[in-house]
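Residues per chain are reported as follows:
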Amino acid sequence: MLTAKLVTTDDEIYQIAALSNANLATNISAETKAKEGFVSWRYDPAILAALHAVAPSVVAMDGTALAGYAITLTRESLSLYPAAAPTYEHAATLSFDGRPLKDQRFYLMGQICVAEPWRGQGIVGVLYEGHRRFYRGHYDFLITEISIANPRSLKAHQKIGFEIIDTHHDTAGHWDVVAWDWSAPKK
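These notes cover the structure that comes with them. Fair warning: this is a prediction, and the values are worked out from it, not measured in the lab. (Residues numbered from 1 in each chain as written. Predicted model: local features only at pLDDT ≥ 70, side-chain atom pairs only at ≥ 80, totals over all residues. Heavy atoms only, no water.)

1. Some details on the pairing of strand β8 (residues 163-170)
Examined bridge by bridge, β8 and strand β9 (residues 173-181) share seven bridges and lie antiparallel to one another. Among the inter-strand pairings, Asp166 is bridged to a residue of β9, identified as Val177. Between β8 and the antiparallel strand that follows it, β9, lie two residues. (Pairing = 2+ DSSP bridges. Helix = DSSP H or I, 4+ residues; strand = E, 2+ residues; numbered from the N terminus.)

Given below as C-alpha coordinates:
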(Lines give C-alpha, C1' and ligand atoms only; values in the text may rest on other atoms or scores of the structure.)
Protein backbone atom coordinates (compact mmCIF):
# COMPACT_ATOMS: atom_id res chain seq x y z
CA MET A 1 0.00 0.00 0.00
CA LEU A 2 1.35 3.43 -0.97
CA THR A 3 1.77 6.01 1.76
CA ALA A 4 3.21 9.52 1.78
CA LYS A 5 5.31 10.28 4.83
CA LEU A 6 8.25 12.34 6.00
CA VAL A 7 11.70 10.77 5.76
CA THR A 8 12.60 9.07 9.06
CA THR A 9 15.17 6.35 8.33
CA ASP A 10 18.67 6.00 6.94
CA ASP A 11 17.35 3.35 4.52
CA GLU A 12 14.94 5.93 3.03
CA ILE A 13 17.83 8.39 2.66
CA TYR A 14 19.95 5.78 0.85
CA GLN A 15 17.04 4.91 -1.44
CA ILE A 16 16.52 8.60 -2.30
CA ALA A 17 20.23 9.02 -3.12
CA ALA A 18 20.21 5.91 -5.32
CA LEU A 19 17.04 6.93 -7.19
CA SER A 20 18.34 10.46 -7.66
CA ASN A 21 21.67 9.22 -9.03
CA ALA A 22 19.95 6.77 -11.37
CA ASN A 23 17.87 9.59 -12.89
CA LEU A 24 20.49 12.35 -12.95
CA ALA A 25 20.59 14.03 -16.37
CA THR A 26 24.27 13.19 -16.77
CA ASN A 27 23.63 9.48 -16.10
CA ILE A 28 20.81 8.75 -18.58
CA SER A 29 20.42 8.77 -22.34
CA ALA A 30 18.87 11.59 -24.33
CA GLU A 31 16.03 9.23 -25.25
CA THR A 32 15.29 8.46 -21.59
CA LYS A 33 15.44 12.17 -20.70
CA ALA A 34 12.91 13.00 -23.42
CA LYS A 35 10.57 10.13 -22.54
CA GLU A 36 10.83 9.89 -18.76
CA GLY A 37 12.27 13.22 -17.59
CA PHE A 38 15.34 13.67 -15.41
CA VAL A 39 16.72 15.32 -12.28
CA SER A 40 19.40 18.01 -12.29
CA TRP A 41 20.94 18.14 -8.80
CA ARG A 42 23.09 15.45 -7.17
CA TYR A 43 22.25 14.47 -3.59
CA ASP A 44 24.45 12.07 -1.64
CA PRO A 45 23.35 10.36 1.59
CA ALA A 46 25.35 12.69 3.87
CA ILE A 47 23.78 15.81 2.35
CA LEU A 48 20.32 14.25 2.46
CA ALA A 49 20.73 13.33 6.14
CA ALA A 50 21.76 16.91 6.97
CA LEU A 51 18.86 18.37 4.97
CA HIS A 52 16.32 16.03 6.56
CA ALA A 53 17.53 17.04 10.02
CA VAL A 54 16.42 20.61 9.15
CA ALA A 55 13.18 19.78 7.28
CA PRO A 56 12.36 16.21 6.28
CA SER A 57 11.44 15.49 2.69
CA VAL A 58 8.32 13.67 1.62
CA VAL A 59 8.55 10.13 0.30
CA ALA A 60 5.98 7.78 -1.17
CA MET A 61 6.63 4.29 0.14
CA ASP A 62 5.24 1.00 -1.09
CA GLY A 63 6.01 -1.10 1.95
CA THR A 64 9.76 -0.63 2.37
CA ALA A 65 10.34 0.28 -1.30
CA LEU A 66 10.70 3.92 -2.32
CA ALA A 67 8.16 4.79 -5.01
CA GLY A 68 9.20 8.45 -5.15
CA TYR A 69 10.53 11.43 -3.26
CA ALA A 70 10.19 15.22 -3.16
CA ILE A 71 13.06 17.00 -1.39
CA THR A 72 12.33 19.84 1.03
CA LEU A 73 14.73 22.82 0.89
CA THR A 74 13.99 25.62 3.32
CA ARG A 75 15.94 28.85 3.67
CA GLU A 76 17.61 27.30 6.73
CA SER A 77 18.94 24.40 4.63
CA LEU A 78 20.67 26.55 2.01
CA SER A 79 23.94 26.59 3.95
CA LEU A 80 23.89 22.78 3.79
CA TYR A 81 23.10 22.65 0.09
CA PRO A 82 24.56 25.81 -1.51
CA ALA A 83 23.58 24.70 -5.04
CA ALA A 84 20.00 25.69 -4.16
CA ALA A 85 20.88 29.20 -2.94
CA PRO A 86 20.69 30.89 -6.39
CA THR A 87 17.28 29.30 -7.00
CA TYR A 88 15.99 30.51 -3.63
CA GLU A 89 17.48 33.99 -4.08
CA HIS A 90 15.98 34.30 -7.57
CA ALA A 91 12.56 33.17 -6.35
CA ALA A 92 12.68 35.80 -3.61
CA THR A 93 12.85 38.52 -6.32
CA LEU A 94 9.61 37.33 -7.95
CA SER A 95 5.95 38.01 -7.28
CA PHE A 96 2.85 35.86 -7.45
CA ASP A 97 -0.48 37.59 -8.11
CA GLY A 98 1.10 40.90 -7.13
CA ARG A 99 2.50 39.53 -3.87
CA PRO A 100 6.31 39.72 -3.62
CA LEU A 101 7.58 36.27 -2.62
CA LYS A 102 10.25 37.86 -0.39
CA ASP A 103 7.35 38.87 1.87
CA GLN A 104 5.74 35.40 1.79
CA ARG A 105 6.48 32.15 3.57
CA PHE A 106 7.92 29.81 0.92
CA TYR A 107 10.36 26.99 0.50
CA LEU A 108 11.80 25.07 -2.42
CA MET A 109 10.97 21.63 -3.61
CA GLY A 110 14.57 20.67 -4.30
CA GLN A 111 13.83 17.74 -6.58
CA ILE A 112 11.07 15.26 -7.27
CA CYS A 113 11.50 11.82 -8.77
CA VAL A 114 9.30 8.76 -9.19
CA ALA A 115 10.85 5.30 -9.52
CA GLU A 116 10.19 3.62 -12.85
CA PRO A 117 7.79 0.89 -11.65
CA TRP A 118 5.45 3.54 -10.18
CA ARG A 119 5.50 6.11 -13.00
CA GLY A 120 2.14 7.09 -14.44
CA GLN A 121 0.29 6.10 -11.25
CA GLY A 122 -0.24 9.54 -9.67
CA ILE A 123 2.78 9.44 -7.35
CA VAL A 124 3.67 13.08 -8.10
CA GLY A 125 0.26 14.07 -6.74
CA VAL A 126 0.73 11.86 -3.68
CA LEU A 127 4.10 13.47 -2.96
CA TYR A 128 2.85 17.02 -3.37
CA GLU A 129 -0.27 16.41 -1.30
CA GLY A 130 2.11 15.14 1.36
CA HIS A 131 4.08 18.39 1.16
CA ARG A 132 0.90 20.40 1.52
CA ARG A 133 -0.33 18.27 4.43
CA PHE A 134 2.97 18.40 6.34
CA TYR A 135 4.07 21.98 5.61
CA ARG A 136 1.00 24.12 4.83
CA GLY A 137 0.79 25.37 8.42
CA HIS A 138 4.27 26.89 8.10
CA TYR A 139 4.42 27.98 4.45
CA ASP A 140 2.16 29.69 1.92
CA PHE A 141 4.00 28.68 -1.25
CA LEU A 142 6.00 25.82 -2.62
CA ILE A 143 8.41 26.93 -5.36
CA THR A 144 10.58 24.96 -7.75
CA GLU A 145 12.48 25.38 -11.00
CA ILE A 146 11.98 23.03 -13.94
CA SER A 147 14.35 22.74 -16.86
CA ILE A 148 12.57 23.80 -20.04
CA ALA A 149 14.16 20.67 -21.54
CA ASN A 150 11.90 18.62 -19.22
CA PRO A 151 8.32 19.24 -20.47
CA ARG A 152 7.05 16.06 -18.79
CA SER A 153 7.92 17.54 -15.39
CA LEU A 154 6.31 20.89 -16.20
CA LYS A 155 3.10 19.18 -17.27
CA ALA A 156 3.01 17.10 -14.06
CA HIS A 157 3.54 20.22 -11.93
CA GLN A 158 0.82 22.17 -13.72
CA LYS A 159 -1.59 19.27 -13.17
CA ILE A 160 -0.99 19.63 -9.40
CA GLY A 161 -1.69 23.37 -9.46
CA PHE A 162 1.75 24.95 -9.95
CA GLU A 163 1.81 28.04 -12.14
CA ILE A 164 4.73 29.44 -14.13
CA ILE A 165 5.80 32.72 -12.55
CA ASP A 166 9.09 33.25 -14.38
CA THR A 167 11.36 31.85 -17.07
CA HIS A 168 15.06 32.58 -16.91
CA HIS A 169 18.52 31.43 -17.97
CA ASP A 170 21.54 30.80 -15.78
CA THR A 171 24.82 28.92 -16.16
CA ALA A 172 23.01 25.59 -15.65
CA GLY A 173 20.36 26.14 -18.33
CA HIS A 174 16.91 27.56 -19.05
CA TRP A 175 14.31 27.27 -16.30
CA ASP A 176 10.63 27.77 -15.63
CA VAL A 177 10.05 28.88 -12.05
CA VAL A 178 6.73 27.52 -10.80
CA ALA A 179 4.75 28.25 -7.65
CA TRP A 180 1.95 26.44 -5.87
CA ASP A 181 -0.10 28.83 -3.75
CA TRP A 182 -1.30 27.15 -0.55
CA SER A 183 -2.92 30.33 0.76
CA ALA A 184 -5.61 29.98 -1.92
CA PRO A 185 -8.51 27.54 -1.58
CA LYS A 186 -7.79 23.98 -2.74
CA LYS A 187 -8.26 23.48 -6.49
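Let us keep going from here.
2. Quick look at helix α5 (residues 123-135)
Compared with the 18 Å implied by 1.5 Å per residue over 13 residues, the 18 Å span of α5 between its first and last C-alpha is a close match. Considered for burial, the residues of α5 that qualify are Ile123, Leu127, Tyr128, Gly130, His131, Arg132 and Tyr135. (Expected span 1.5 Å × (residues − 1). Buried < 20%, exposed > 50% of the residue type's maximum accessible area, 1.4 Å probe, protein only.)

3. Some remarks on the side chain of Asp166
Within the secondary structure layout, Asp166 lies in strand β8. It is Lys102 that comes nearest to the buried, bridge-free Asp166 among opposite-charge side chains, at 16 Å. Once residues lying within four places of it in the same chain are set aside, the contact partners of Asp166 are His90, Leu94, Trp175, Asp176 and Val177. (Lys, Arg positive; Asp, Glu negative; His and termini not counted. Salt bridge = Lys/Arg side-chain N within 4 Å of Asp/Glu carboxyl O. Contact = heavy atoms within 4.5 Å.)

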